[in-house]
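Spelled out from the first residue to the last, the chains are:
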Amino acid sequence: MSKLHVVIIDAMNLIRRVHAAQPDTHTLEATTQTCLKTLDKIISHSEPSHIVAVFDHTGQDRGWRADILPEYKQGRKPMPSDLEQGLDTIQDAFWQRGVDSLLSQGDEADDMIATLALKVAAHREQVTIVSTDKGYCQLLQPTLRVRDYFQHRWLDLAFVEKSFGVRPEQLCDFWGLAGISSSEISGVPGIGPKSATSLLSQYGNLDAILSANDLADKWAKKLDGHHDLARKCKAVAQLKTDIPLGFNLQDIRFQPTTVSA
């Protein structure tokens, strides 16, 4: 294929959903086989020139975000032990399909994915992130797309507008105000999604809101004393895009392998 199309799979996002959906017994074999079927469909539909599956580190350290906001993902359920012990098996199976795995070393996978995706998009080449994580929507560009495989939908500009009522570049400001409950990012108490959208529509970004001297009393009272919290929540929601990757695109060029029947 002459045209570049880099597909980046948020591996644990995909694998944990597949594992949780297995009927009755969560056998590693069933999870692995279903993941491979899913991978085959992703490859067939996206026709990548380059592809990589990015895995989070499996240690107890919750990373730099928890240093800023201690509550971050504090209550998230740990990975099932059988799945954690079987990740090497899944990675080997992906390798047999011609898909290499990138393992994070302390940095969260989403920051590594964001870094790689923006590097590709900066050269105006097509890149697709495969994940259900709406956090990647902050990266949207003409050549950078986010695909929710399980809902068979694109998390695109129309999705962001319908879901949040803001532009992609305002999403982190939005989450700084309204929070992200699934990641235990609180946002500002008393400010929900509708209020956040309304404030951003009027002022444009979080800094402008926090420095405004003409805020309505109801907003001023809710924000009073919570400026630092809002900024911390925004910082935690924001993806890092300068993570050292230690490889080049040639290393993840997709070379299809023959799958036995």
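The structure this text deals with has already been given above.
Structural notes, computed from the coordinates.

Quick notes on the rules
- Residues numbered from 1 in each chain as written.
- Predicted model: local features only at pLDDT ≥ 70, side-chain atom pairs only at ≥ 80, totals over all residues.
- Heavy atoms only, no water.
- Salt bridge = Lys/Arg side-chain N within 4 Å of Asp/Glu carboxyl O.
- Buried < 20%, exposed > 50% of the residue type's maximum accessible area, 1.4 Å probe, protein only.
- Helix = DSSP H or I, 4+ residues; strand = E, 2+ residues; numbered from the N terminus.
- 1 Å grid on protein atoms, 1.4 Å probe; cavity = no way out; pocket = protein on both sides within 12 Å on 5 of 7 lines; lining within 4 Å.
- Points joined across faces, edges and corners; volume = space filled by probe spheres on them.
- Nonpolar A, V, L, I, M, F, W, Y, C, P; charged D, E, K, R; others polar.
- Pairing = 2+ DSSP bridges.
- Contact = heavy atoms within 4.5 Å.
- Axes fitted to C-alpha atoms, helices over the stretch in contact; angles between N-to-C directions.
- Core = buried A, V, L, I, M, F, W, Y, C linked by side-chain atoms within 4.5 Å.
- Parallel < 35°, antiparallel > 145°, perpendicular 65-115°, else oblique.
- Left-handed = near helix turned anticlockwise from the far one by under 90°.

**Description of the pattern of salt bridges**
Here's step 1: Following the criterion strictly, the structure yields ten salt bridges and no others.
Here's step 2: Across the pair Arg167 and Glu169 runs a salt bridge, and its minimum N-O distance is 2.7 Å.
Here's step 3: Residue classification places Arg167 among the partly exposed residues on the basis of a relative accessible area of 44%.
Here's step 4: For Glu169, a relative accessible area of 53% puts it in the exposed group.
Here's step 5: Three or more residues joined by partner-sharing salt bridges are found here, namely Arg65, Lys73, Glu108, Asp110 and Asp111.

**Observations concerning unusual backbone geometry**
Here's step 1: Even without a glycine there, the phi angle at Lys73 is positive, about 50°.
Here's step 2: On the secondary structure map, Lys73 appears in the loop between α3 (64-68) and α4 (81-85).
Here's step 3: The backbone of Glu184 shows a phi angle near 60°, a positive value even though the residue is not glycine.
Here's step 4: Position of Glu184 relative to the elements: it lies in the loop between α8 (171-178) and α9 (193-203).

**With respect to the layout of surface pockets**
Over the atoms rolls a probe the size of a water molecule, and its path tells where empty space is left.
Here's step 1: Put simply, the second largest pocket is a space of about 220 Å³.
Here's step 2: For the second largest pocket, the full set of lining residues is His5, Lys41, Ile42, His45, Ser46, Thr128, Val130, Arg145, Arg147, Tyr149, His152 and Trp154.
Here's step 3: When contributions to the lining of the second largest pocket are tallied by element, the ones reaching two or more residues are α2 (28-46), β4 (126-130) and β5 (144-148).
Here's step 4: Top element by residues in the lining of the second largest pocket is α2. It accounts for four residues.
Here's step 5: The residue makeup of the lining of the second largest pocket, split by class, is four nonpolar, five polar and three charged.

**Considering the sheet that holds strand β2 (residues 50-55)**
Here's step 1: Taken in spatial order, the six strands of this open sheet run β3-β2-β1-β4-β5-β6, and their pairing is mixed. Whereas interior strands pair on both sides, the edge strands pair on one side only; in this sheet they are β3 (100-103) and β6 (153-154).
Here's step 2: Where strand β1 (residues 5-10) and β2 come together, five bridges link them in parallel fashion. Looking at β2, one finds that Ile9 is bridged to Ala53.
Here's step 3: Lying on the sheet, α2 is in contact with β1, β2 and β4; it crosses β1 at an angle near 155°.
Here's step 4: Strand contacts of helix α5 (residues 87-96): β2 and β3, with the helix running at about 180° to β2, the strand carrying the most contacts.

**Points about the nonpolar core**
Here's step 1: Core analysis: the largest hydrophobic core is formed by 51 residues, its most contacted members being Ile8 and Leu177.
Here's step 2: No other element matches the eight residues that helix α6 (residues 109-121) contributes to this core.
Here's step 3: Those residues in contact with Ile8 that lie beyond four places of it in its chain are Val52, Val54, Ile113, Leu116, Ala117, Val127, Thr128, Ile129 and Val130.
Here's step 4: With 25 residues, the next largest nonpolar core counts Leu39, Ile51, Ala53 and Phe254 among its residues.

**Quick look at the environment of Ala235**
Here's step 1: Residue placement: Ala235 occurs in helix α12 (residues 227-237).
Here's step 2: When residues no more than four places from it in sequence are discounted, the contact partners of Ala235 are Trp64 and Ile68.

**Focus: the side chain of Ser104**
Here's step 1: Relative to the helices and strands, Ser104 is located in the loop between β3 and α6.
Here's step 2: With residues up to four places along the chain from it excluded, the contact list for Ser104 reads Phe55, Asp56, His57, Ala109 and Met112.

**Considering the packing of α8 against α12**
Here's step 1: α12 packs onto α8 with a crossing angle of 130° between their chain directions and a minimal axis gap of 7 Å. Relative to α12, the element α8 lies oblique. Crossing angle aside, the handedness with which α8 passes α12 is right-handed. Note on element contacts: α12 touches α8 through Ala230, Cys233, Lys234 and Ala237, opposite Cys172, Asp173, Trp175 and Gly176.
Here's step 2: Each residue belonging to the contact of α8 with α12 can be placed in one class, and the counts come to five nonpolar, one polar and two charged.

**Describing the pairing of β4**
Here's step 1: Most of β4 is tucked away, with five of its five residues classed as buried.
Here's step 2: Bridging between β1 and β4 involves five bridges; their strand directions are parallel. When the sheet's bridge partners are listed, Ile8 is paired in β4 with Ile129.
Here's step 3: As paired strands, β4 and β5 are joined by four bridges and run parallel to one another. In the sheet register, Ile129 faces β5, and the bridge partner there is Val146.

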